Amino acid sequence: TADGALAAAGLALEDGKRTRRLIRTLPPSGATWRPGAAEEVVETLPPTQLPAEAGDAPVVPLAAFAGRRAPVALAGGVEATLLAGRLRAVADEAPMARLLLAGPREAVLETAFALGAETALSPPRAALAEEARALATGTAPRPRRLGAPELDAGADVESALAFALGHLTEVLLWFAPIAEAGEDPTGVHQMRVALRRLRSLLRAFRPAADGPALRDFDGALRSLATVLGPARDWDVWLGGLGRDIAEALPDDARIAALIRAAEARRDAAYESLRATLRGPEFHRLAWDAVALIERRPWREEADPEAAARRDLPLTDFAATVLARRWKRLAEAGEEIGDLPDEEFHALRLDGKRMRYVAELFAPLWGRKRGRRFLKRLAAVQEEFGLANDTAVARSLVAQLAGKGGAPAWAVGVAEGWALARGRRARDRAAEAWRELMAADSFWDQG
């Protein structure tokens, strides 16, 4: 429609030779969305009929797929269909390919795993119709999911886990090409956030859903995090402390050499990341997430207590998890400013885990109820993060010294700059911590 009513609702009208299909291109809010799933057909219509969602407005074609459809029968009763060709709009066109797999669930999953090990096959970031809409309108495709998942208090524990797992996997897939390009630091940053939320999700639900498959998935996430880390660390250094030093001493050749050495390190970190994102391990990670959602392997664990927890109301389960995390965090006491570096770092990690779990479960009690707690927790994490960034900065610049690297004087300047900034961030973190300790926990109020 001229006003884009269908697109705004996450829908598209697909014209075939004999019928029209109303398909869903974006997942509805709150629905479990399986990464890699084919577009849901909402309604099949006669070739001239319009769906009710279009209202009375006429529709016009935006784009077309021109190419070939090659069906192939595979082992295990799997039907594969390769669409290979081009998306064409009035002012632009682009190459496009999709491989559709249909058949028994286990056979389809095993086929996806096998193909992913040999090719760059991974779940698509956007539906074909959404890619077409973006091409025709000169805009970017819209992400299926962004940010933290918002759980429904009416969902059961297992459904909440599957929903959040699918949501965060979509976020991870969405930012992977941006991270691979290396032109926008947002890509790596958002991938790391999605990874941390995924790992926090797995730990939070471990009392109700555990087992080798989930542990292996967590291990793969941890491995990916180790590759994302250096790229992100150099992005932060160059965009923060490194930029500040360069601006303060703009004409100093030694500082310029320091920045060049740091940029070379960043480039090397991104090359390593690109190799990982293009390799079979990352594609396997995406299909592992799909398999977890489809197979629910935690049901195979003979743990009656875990099964009983899956039967709990989601709010009861969440309150128990939050109370346990909060108790551990609060054991540090109100005064943390003089903690040794190692203990301060450990407390920062505990606070980060608390924040991700609180963000995950807070919507179950309503946004307003948890707002103050989350705001104070975010303030703590902001200052903890700044203090940690300065600690990381010192270790990074130490790598730049030596033969062929940055001048020792410039490295010393950067380390001193980081030390001074870190002390100030620690003081602010201690103040934010005291305010957090005085906050009411939203999960046990009345």
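The preceding data block contains the structure.
What comes next is a walk through the structure. (Residues numbered from 1 in each chain as written. Predicted model: local features only at pLDDT ≥ 70, side-chain atom pairs only at ≥ 80, totals over all residues. Heavy atoms only, no water.)

Some words on empty space enclosed by the protein
So, point 1. A full pass over the atoms with the stated rule returns 3 cavities of 30 Å³ or more.
So, point 2. Considered as a void within the structure, the largest cavity measures approximately 70 Å³ in volume.
So, point 3. What lines the largest cavity is simply Ala148, Pro149, Leu168, Arg197, Ser200, Leu201, Tyr356, Val357, Glu359 and Leu360.
So, point 4. Contributions of two or more residues to the lining of the largest cavity are made by helix 5 (186-204) and helix 12 (341-361).
So, point 5. For the lining of the largest cavity, the element with the most residues is helix 12, which contributes 4 residues.
So, point 6. For the lining of the largest cavity, a count of residues per class yields 7 nonpolar, 1 polar and 2 charged. (1 Å grid on protein atoms, 1.4 Å probe; cavity = no way out; pocket = protein on both sides within 12 Å on 5 of 7 lines; lining within 4 Å. Points joined across faces, edges and corners; volume = space filled by probe spheres on them. Helix = DSSP H or I, 4+ residues; strand = E, 2+ residues; numbered from the N terminus. Nonpolar A, V, L, I, M, F, W, Y, C, P; charged D, E, K, R; others polar.)

Considering the packing of aromatic side chains
So, point 1. All told, the structure shown has 11 aromatic pairs when counted by the stated rule.
So, point 2. Ring geometry for Phe205 against Phe361: centres 5.8 Å apart, planes inclined by 50 degrees, an arrangement best described as tilted. Taken as a pair, Phe205 in the loop between helix 5 and helix 6 (212-239) and Phe361 in helix 12 lie far apart in primary sequence, 156 residues in all.
So, point 3. Overall, the relative accessible area of 1% leaves Phe205 in the buried class.
So, point 4. Ring geometry for Trp326 versus Phe373: centroids 5.3 Å apart, planes at 70 degrees, classification edge-to-face. In this pair, Trp326 sits in helix 11 (residues 314-330) while Phe373 sits in helix 13 (residues 367-398), placing the two residues 47 residues apart along the sequence.
So, point 5. In this structure Trp326 comes out as buried when scored by relative accessible area, which is 15%.
So, point 6. Site record: aromatic cluster; members linked through ring pairs are Trp326, Trp365, Phe373, Phe442 and Trp443.
So, point 7. For Arg125, the ring lying beneath its charged end belongs to Trp174, and the centroid distance is 3.9 Å.
So, point 8. In this structure, Arg254 packs its charged tip against the face of Trp409, placed 3.7 Å from the ring centre. (Phe/Tyr/Trp six-rings, centres within 6.5 Å; stacked < 30°, edge-to-face > 60°. Buried < 20%, exposed > 50% of the residue type's maximum accessible area, 1.4 Å probe, protein only. Lys NZ or Arg CZ within 6 Å of the ring centre and 35° of its normal.)

Considerations on the side chain of Arg266
So, point 1. In this fold, Arg266 is placed in helix 8 (residues 253-278).
So, point 2. Taking relative accessible area as the criterion, Arg266 reaches 15% and is therefore assigned buried.
So, point 3. The residues contacting Arg266, other than those within four sequence positions of it, are Gly182, Trp234, Asp235 and Leu238. (Contact = heavy atoms within 4.5 Å.)

Regarding the environment of Thr44
So, point 1. Structurally, the position occupied by Thr44 is in strand 3 (residues 40-45).
So, point 2. Taking relative accessible area as the criterion, Thr44 reaches 52% and is therefore assigned exposed.
So, point 3. Taking the C-alpha atoms as reference, Thr44 lies 17 Å from Pro61; in sequence the two are 17 residues apart.
So, point 4. Excluding residues within four positions of it along the chain, Thr44 makes contact with Thr19, Arg20 and Arg21.

Overview of the packing of helix 4 (residues 157-181) against helix 8
Geometrically, a packed helix pair is captured by the angle between its two axes and the distance between the axes.
So, point 1. Between helix 4 and helix 8, whose axes approach to 9 Å, the crossing angle comes to 140 degrees. Helix-helix and strand crossings are classified by hand; for helix 4 and helix 8 the assignment is left-handed. Residues Ala176, Ala179, Glu180 and Ala181 of helix 4 form the contact with helix 8, whose own contacting residues are Tyr270, Leu273, Arg274, Leu277 and Arg278.
So, point 2. Of the residues contributing to the contact of helix 4 with helix 8, the split by class is 6 nonpolar, no polar and 3 charged. (Axes fitted to C-alpha atoms, helices over the stretch in contact; angles between N-to-C directions. Left-handed = near helix turned anticlockwise from the far one by under 90°.)

Focus: the sheet that holds strand 1 (residues 11-15)
So, point 1. In spatial order, the strands read 1-2-3; together these 3 strands make up an open sheet with antiparallel pairing. Two strands bound the open sheet, and with one partner strand each, they are strand 1 and strand 3. Geometrically, the sheet is characterised by an average inter-axis angle of 25 degrees between neighbouring strands, direction not taken into account. (Pairing = 2+ DSSP bridges.)

Overview of helix 8
Helical periodicity: at 3.6 residues per turn, an α-helix aligns residues three or four positions apart in one direction.
So, point 1. Taking 1.5 Å of rise per residue, 26 residues should cover 38 Å, and helix 8 covers 37 Å from first to last C-alpha, within 8% of that figure.
So, point 2. Two to three positions downstream of the cap, the backbone nitrogen of Arg254 sits 2.8 Å from a side-chain oxygen, assigning the N-cap of helix 8 to Asp252. (Expected span 1.5 Å × (residues − 1). Polar contact = N/O pair within 3.5 Å; in protein donor to acceptor, adjacent residues only side chain to side chain.)

Regarding the nonpolar core
So, point 1. Membership of the largest hydrophobic core comes to 99 residues, with the highest contact counts inside it found for Met191, Phe205, Trp237, Phe361 and Phe373.
So, point 2. Of the residues forming this core, the biggest block, 15 residues, is contributed by helix 4. (Core = buried A, V, L, I, M, F, W, Y, C linked by side-chain atoms within 4.5 Å.)

Quick look at the side chain of Asp288
So, point 1. For Asp288, the position within the fold is in helix 9 (residues 280-295).
So, point 2. The exposure class of Asp288 is buried, given its relative accessible area of 17%.

Some thoughts on the pattern of salt bridges
So, point 1. Applying the stated rule across the entire model yields 31 salt bridges.
So, point 2. Arg266 is the partner of Asp235 in a salt bridge, and the nearest nitrogen-oxygen pair spans 2.6 Å. Of this pair, Asp235 sits in helix 6 while Arg266 sits in helix 8, placing them 31 residues apart in sequence.
So, point 3. According to the relative accessible area criterion, Asp235 is buried, its value standing at 11%.
So, point 4. Two residues, Asp350 and Arg328, come together in a salt bridge whose shortest N-O distance is 3.5 Å. (Salt bridge = Lys/Arg side-chain N within 4 Å of Asp/Glu carboxyl O.)

A word on the sheet that holds strand 4 (residues 63-73)
So, point 1. With respect to topology, 3 strands assemble into an open sheet ordered 4-5-6, the strand pairing being antiparallel. Of all the strands in the sheet, just strand 4 and strand 6 (93-102) have a single pairing partner and so form its edges. Each strand axis lies, on average, 15 degrees off the axis of its neighbour in the sheet, ignoring direction.
So, point 2. Bridge analysis of strand 5 (residues 79-89) against strand 6 gives 10 bridges, and the strand direction is antiparallel. Across the sheet, Leu87 pairs through a bridge with Ala94, a residue of strand 6.

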